[in-house]
Amino acid sequence: MNRVYNFNAGPSAMPLEVLREVQEEFLDFNHTGMSVVEISHRSAAYQAMQDETETLLKELLHIPDGYHVIFMQGGGSMQFILHAQNFLRHKGAYVKTGSWSSKAQEAAKFYGATYELASGEAQNYKAIPLLTKDTVDLQPDTDYVYITSNETIHGLEWKTFPKLGVPLICDMSSDFLSRPVDVSQFDFIYAGIQKNVGPAGCVIAIVKDEFLEKARTDIPPYLQYATFVKKDSTYNTPPVFCIYFVNKVLHWLKNLGGLDVMEARNKKKAKLIYDVIDNSQGFYIGHAEKNSRSLMNVTFNLQTPELEKRFAEEATKADLIGLKGHRSVGGCRASLYNAVTPEGCEALVDFMQRFQTLHS
Ligand SMILES: *Cc1c(COP(=O)(O)O)cnc(C)c1O
């Protein structure tokens with residue numbers, strides 16, 4: 001077996017320990033004599049596992065009372081639609097920090113009025129705006145402010161979150177569980193799990209009860225978050241394998257020491273790569289402004305698209321996979337999610353330095 005260094009943006013690297021455990025248990029889940037994908041989602045064995053997953057998540061994120069955790073099928077893009085169907089009554093305010101927040105607003109427009117509270121588009125999405133009650137122009141009847149905690153394609157990440165006196169919705173798909181967050185600042189959080197926490201096909205959402213009370217009820221029950229809360233995420237068949245996998249990842253996170261430890265580890269990893277960029281005398285050009293840099297997705301350019309292509313190709317030959325930037329923006333991107341090891345980052349540092357020496 002030859003495992004490569006995986007810098008894919010999503011789906012992406014998962015912890016080797018978890019992959020091994022899943023493999024070992026795959027034919028016999030918890031002494032049932034069946035695989036986890038063969039048992040009923042109404043069975044006691046399954047229910048116990050899903051309950052434990054929820055408990056672990058509450059523990060790791062210190063989710064306060066007054067919030068519910070739900071598991072849904074579909075990806076982040078489905079939530080671009082659902083958050084608006086549920087919560088958009090008058091106006092939704094969107095902070096445009098990159099591709100994903102833009103897509104969320106585009107989808108929400110089908111369900112009601114939206115406006116841009118701030119946008120980094122004119123500057124080609126290089127920085128997260130600083131938003132305060134005094135500097136933003138919140139319109140009357142704004143139901144919520146919508147932000148994207150980590151812009152996966154442009155490589156920007158919010159370091160602190162705005163406090164604007166209206167409900168805050170956050171897409172945390174690409175930095176979920178990479179650092180501690182104060183859940184009480186948010187009214188609705190969701191994350192497609194395939195970047196940091198599991199296989200594609202499932203979304204974890206955390207909803208504040210008070211906010212949910214204001215949600216629309218004139219849409220089909222399956223599209224209402226309230227249904228998932230009421231039915232404990234088993235209104236219909238949940239994505240059982242995904243939830244099982246998340247359970248394993250949460251145990252892994254807990255055993256490593258939780259989110260504070262993970263954040264410290266992620267900071268060290270990202271610093272290794274950003275230092276190479278900053279010390280390269282312009283050979284590597286970082287995309288994001290320093291105080292908006294993502295710990296999850298390091299985006300950078302080289303002098304020419306040809307050199308960038310060469311960089312990704314030669315990296316692949318050295319078993320460093322997934323360094324090509326998103327097709328919409330080009331350049332290079334190294335995704336350093338939780339499961340990417342410090343050794344993997346060191347291998348990338350070595351490669352980047354060697355590549356610079358050879359090509360400058
Ligand atoms: C990947 C991603 C999405 C879209 O996820 P899909 O599951 O492919 O729909 C949405 N938001 C963010 C921040 C992402 O990184």
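Just so we're clear, the structure is a prediction, and the values are computed from it rather than from any experiment.

Chemist: Explain the sheet that holds strand 4 (residues 113–119) here, please?
Modeler: Within a sheet, each strand pairs with its neighbour through backbone hydrogen bonds, oriented either parallel or antiparallel. Judged by pairing direction, the sheet is mixed, and its seven strands sit side by side in the order 2-10-9-8-5-3-4 without closing on themselves. The sheet terminates laterally at strand 2 (67–73) and strand 4, the two strands that pair on one side only. Neighbouring strand axes in the sheet, compared pairwise and without regard to direction, differ in orientation by 20° on average. By the bridge criterion, five bridges tie strand 9 (residues 188–192) to strand 10 (residues 202–208) in an arrangement that is antiparallel. Looking across to strand 10, one finds that I189 is bridged to I206. Contacts from helix 3 (residues 76–87) reach strand 2, strand 3 (91–96), strand 5 (142–148), strand 8 (168–171), strand 9 and strand 10 within the one sheet, and its direction differs from that of strand 9 by about 160°.

Chemist: Help me out: how do you make sense of the sheet that holds strand 12 (residues 297–301) in this one?
Modeler: With antiparallel pairing, the three strands of this open sheet are ordered in space as 11-12-14. Across the chains shown, the open sheet's two edge strands, defined by having one partner strand only, are strand 11 (285–286) and strand 14 (332–335). Direction of pairing for strand 11 relative to strand 12: antiparallel, over a ladder of two bridges. Paired with I285 across the strands is N301, a residue of strand 12. Along the sheet, helix 8 (residues 259–278) makes contact with strand 11 and strand 12, crossing strand 12 at roughly 15°.

The rules behind each value
Residues numbered from 1 in each chain as written. Predicted model: local features only at pLDDT ≥ 70, side-chain atom pairs only at ≥ 80, totals over all residues. Heavy atoms only, no water. Pairing = 2+ DSSP bridges. Helix = DSSP H or I, 4+ residues; strand = E, 2+ residues; numbered from the N terminus. Axes fitted to C-alpha atoms, helices over the stretch in contact; angles between N-to-C directions. Contact = heavy atoms within 4.5 Å.

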